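Given next are the chains, with one letter for each unit.
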Amino acid sequence: LLAAAPPAVIGYRMLLSESDARLKDNINKLTHIIRNDIVYRVRLPVQPTLSAMAHGILPECRTVEERWRFLPLLAALLNNYAVISGLFIGYDNGEYFMVRRLDTGEEMGIYNPPSASRFVGSRISHEGGRTKHEHYFYNAESELILQRPSEIAQGFDPRTRPWYQEAMRVGEQVEISPIMNSSGLPVMMFAEKSYGGRSVVGIDITLRDLSAILYRELPSPGSHLALLRPDGVMIARARGIVVQNNGETRLSTLEDASPVLRLAAQAYNESRSDQVFRLNHEGED
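Per chain, residue numbering runs from 1 following the sequence as it is written. Restriction of local features to residues with pLDDT of at least 70 applies here, the model being predicted, together with a cutoff of 80 or more for giving and counting side-chain atom pairs; totals for whole chains, interfaces and linings are based on all residues. To get the side-chain values, all heavy atoms of the structure are used, and hydrogens and water are removed first.

Enquirer: So, the overall build of the chain: which residues are in play, and what are the values?
Expert: Every helix listed is a DSSP run of H or I at least four residues long, and every strand listed is a run of E at least two residues long, numbered separately from the N terminus. In terms of regular secondary structure, the chain is built from seven helices and 12 strands. Expressed along its principal axes, the backbone C-alpha trace of the chain runs to roughly 95 × 40 × 35 Å. Classification of the 285 residues of the chain by burial places 41% in the buried group. Only heavy atoms matter for contacts: two residues are in contact if any of them lie within 4.5 Å across the pair. The contacts of the chain with a sequence gap of at least 6 include a subset with a gap of at least 24, amounting to 49%. Under the convention used here, a 1.4 Å probe and the Shrake-Rupley method define accessible areas, while residue burial counts only the protein chains that appear. As displayed, the chain offers around 15,400 Å² of accessible surface, 53% of which is attributable to carbon and sulfur atoms. One way to put it: in the chain the 31 positive side-chain charges average out to a point 1 Å from where the 34 negative ones average out. A simple rule labels every residue: compare its accessible area, found with a 1.4 Å probe on the protein chains alone, to the largest value its type can have, and call it buried under 20%, exposed over 50%, or partly exposed in between. By the counting rule applied here, Lys and Arg register as positive and Asp and Glu as negative, while His and the ends of each chain are not counted. A single reference atom marks each charge: NZ on Lys, CZ on Arg, CG on Asp, CD on Glu.

Okay, structure coming up:
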C-alpha cells in the first residue's frame, strides 16, 4: 500500500490536471461559439440596418400616410432578419411610429390581433391637443386587415424614453438593455439619431431570442449559461430571462441565477480577466 500510494497520488493529480485542461478548452470553445453567434446573429444584421434607416427618408416623413408607404420595406427587413422583432421611430414632436412582427404567443396575448395578422403597426400622434394611439394589423402580404384605437402605453411619449434621450445626446448608435418596452416585452434596444436630427430610429431584439442562443449551446442539462453586462446586469439566460413573481412579470437578475453562477460573476468582477475560474458550491462546479 505504501509503495502504491505515491504513484496513485501522482496519477490522480495528472488526471485532475488533464481534466481541468479539457474543461478549460471546452469552456474557451463554448465562449468563442457564443461570441460568434452574438456577432453574426445580432450585431451584423442590426447595426448596418439601423444606420441605413437613420440615414434614409423614413425618419424625415412628417405624415402618417408617408410613413406607411415604407411598410413593405420594413416587413421585408423583419422577415429577413429573424433576430429583429421590431422597428420604431420617435419624432421630435412626440409622435411615434412602430412595426413589429407577430410570431409568438406572448405578442399575440399583448396585441390580440386578428388570426391572419403577421405584423402590427403602431402610431402615436397629437391632434388638436389630444393624443391619438392606434394599432394597424397587416397580413403576410402587407395588406391592412384591421385598424383600431389602442390603450396600450397610453400617454407614451418617445422623447421621455432612455433610448431617445441617449441617442439624441450621443449622436451615434446606442445600446439600451435590458428593458421591458412600452408593450411589456423584454427587449434589448439599439437606437441612432437620424441624419436630419429630427428623430431617433430604433431596433428591438427580444431577450427571448438572445436567451435561445445560450440555450442551444448548453453543454449538459445541468449547465448554467448567462450573458451579463460588465456591470453585472443580466441580459440573457439559457433558462429564460423573464420570471413570474407573485403574479408580476419581471426581468431576471443575477439574484435569480444559480449560486455557482453568482459566484462566477463575483469572481469575474473581482479580477476583470478573461481567464477560466474553477469554483464549487455544494457539489456544483
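Enquirer: Let's hear about the side chain of Glu134: which residues, and what values?
Expert: Summarising the element assignment, Glu134 is placed in strand β4 (residues 130–138). Each polar contact in these results corresponds to two N or O atoms within 3.5 Å; when the atoms are within protein, one needs to be able to donate a hydrogen and the other to accept it, and residues that are neighboring in sequence are counted only if both atoms are side-chain atoms. Polar contacts involving the side chain of Glu134 include one to the side chain of Arg123, which spans 3.0 Å. Polar contacts involving the side chain of Glu134 include one to the side chain of Tyr136, which spans 3.0 Å. Each residue touching Glu134, except ones within four places of it in the same chain, is listed here: Gly121, Ser122, Arg123, Gln147, Arg148, Pro149 and Ser150.

Enquirer: Would you mind going over the nonpolar core in detail, with residue names and values included?
Expert: For the purposes of this section, nonpolar cores are sets of buried Ala, Val, Leu, Ile, Met, Phe, Trp, Tyr and Cys residues that join through side-chain atoms within 4.5 Å. Core analysis: the biggest nonpolar cluster contains 48 residues, and Val42, Trp68, Leu74, Leu87, Val99 and Leu210 have the highest contact counts within it. Here this core takes eight residues from helix α1 (residues 5–54), the largest share from any one element. Excluding residues within four positions of it along the chain, Leu74 makes contact with Met53, Leu58, Leu87, Phe97 and Val99. Of all hydrophobic cores here, the second largest spans 20 residues; its members include Ala167, Val174, Ile176 and Ala191.

Enquirer: Give a description of the pairing of strand β8 (residues 199–206) that names residues and reports values.
Expert: A regular strand places its side chains on the two faces of the sheet in alternate fashion. With respect to burial, β8 is a largely interior element, eight of its eight residues being buried. Burial of the side chains of β8 extends over both faces: Ser199, Val201, Ile203 and Ile205 are buried on one face and Val200, Gly202, Asp204 and Thr206 on the other. Between any two strands, pairing holds if DSSP finds at least two bridges. Where strand β1 (residues 86–91) lies against β8, six bridges are found, and the strand directions are antiparallel. Opposite Tyr91, over in β8, you have Ser199 as the bridge partner. Here seven bridges tie strand β7 (residues 186–193) to β8, and the two strands are oriented antiparallel to one another. Among the inter-strand pairings, Met189 is bridged to a residue of β8, identified as Asp204. Linkage of β7 to β8, two consecutive antiparallel strands, is achieved through a turn of five residues, within which Gly197 is found at a positive phi near 80 degrees.

Enquirer: Which residues make up the side chain of Asn181, and what values do they have?
Expert: Position of Asn181 relative to the elements: it lies in the loop between β6 (174–180) and β7. The buried category is assigned to Asn181, whose relative accessible area is 8%. A polar contact is formed between the side chain of Asn181 and the side chain of Asp204, at a distance of 3.4 Å. Asn181 has contacts with Arg100, Val187, Met189 and Asp204, leaving out every residue within four places of it along the chain.

Enquirer: Lay out the layout of surface pockets in plain terms, naming residues and giving numbers.
Expert: The way it works is a 1 Å grid over only the protein atoms, where trapped points that fit a 1.4 Å probe form a cavity and open points with protein on both sides within 12 Å along at least five of seven lines form a pocket, and then any residue with an atom within 4 Å of a point lines it. Grid points are joined across faces, edges and corners, and a volume is the space filled by probe spheres set on the points. A volume near 1,800 Å³ is recorded for the largest pocket. Mapped by element, the contributors of at least two residues to the lining of the largest pocket are α1, β7, α6 (207–216), β9 (226–228) and α7 (259–271). Here the lining of the largest pocket gets 11 residues from one element, more than from any other, and that element is α1. For the lining of the largest pocket, the residue count by class is 26 nonpolar, 10 polar and eight charged. When residue character is reported, Ala, Val, Leu, Ile, Met, Phe, Trp, Tyr, Cys and Pro are called nonpolar, Asp, Glu, Lys and Arg charged, and the others, Gly included, polar.

Enquirer: If you had to explain the environment of Ile57 to someone new, which residues and values would you point to?
Expert: With respect to the secondary-structure elements, Ile57 resides in the loop between α1 and α2 (64–68). For Ile57 and Ile203, which are 146 residues apart along the polypeptide, the C-alpha to C-alpha distance reads 17 Å.

Enquirer: Explain the environment of Arg169 to me, using residue names and the numbers behind them.
Expert: Tracing the sequence through the fold places Arg169 in helix α5 (residues 162–170). Classification of Arg169 as exposed rests on a relative accessible area of 61%. Linking Arg169 and Lys193, residues 24 residues apart in sequence, is a C-alpha distance of 8.8 Å. There is a polar contact of 2.7 Å between the side chain of Arg169 and the side chain of Glu166.

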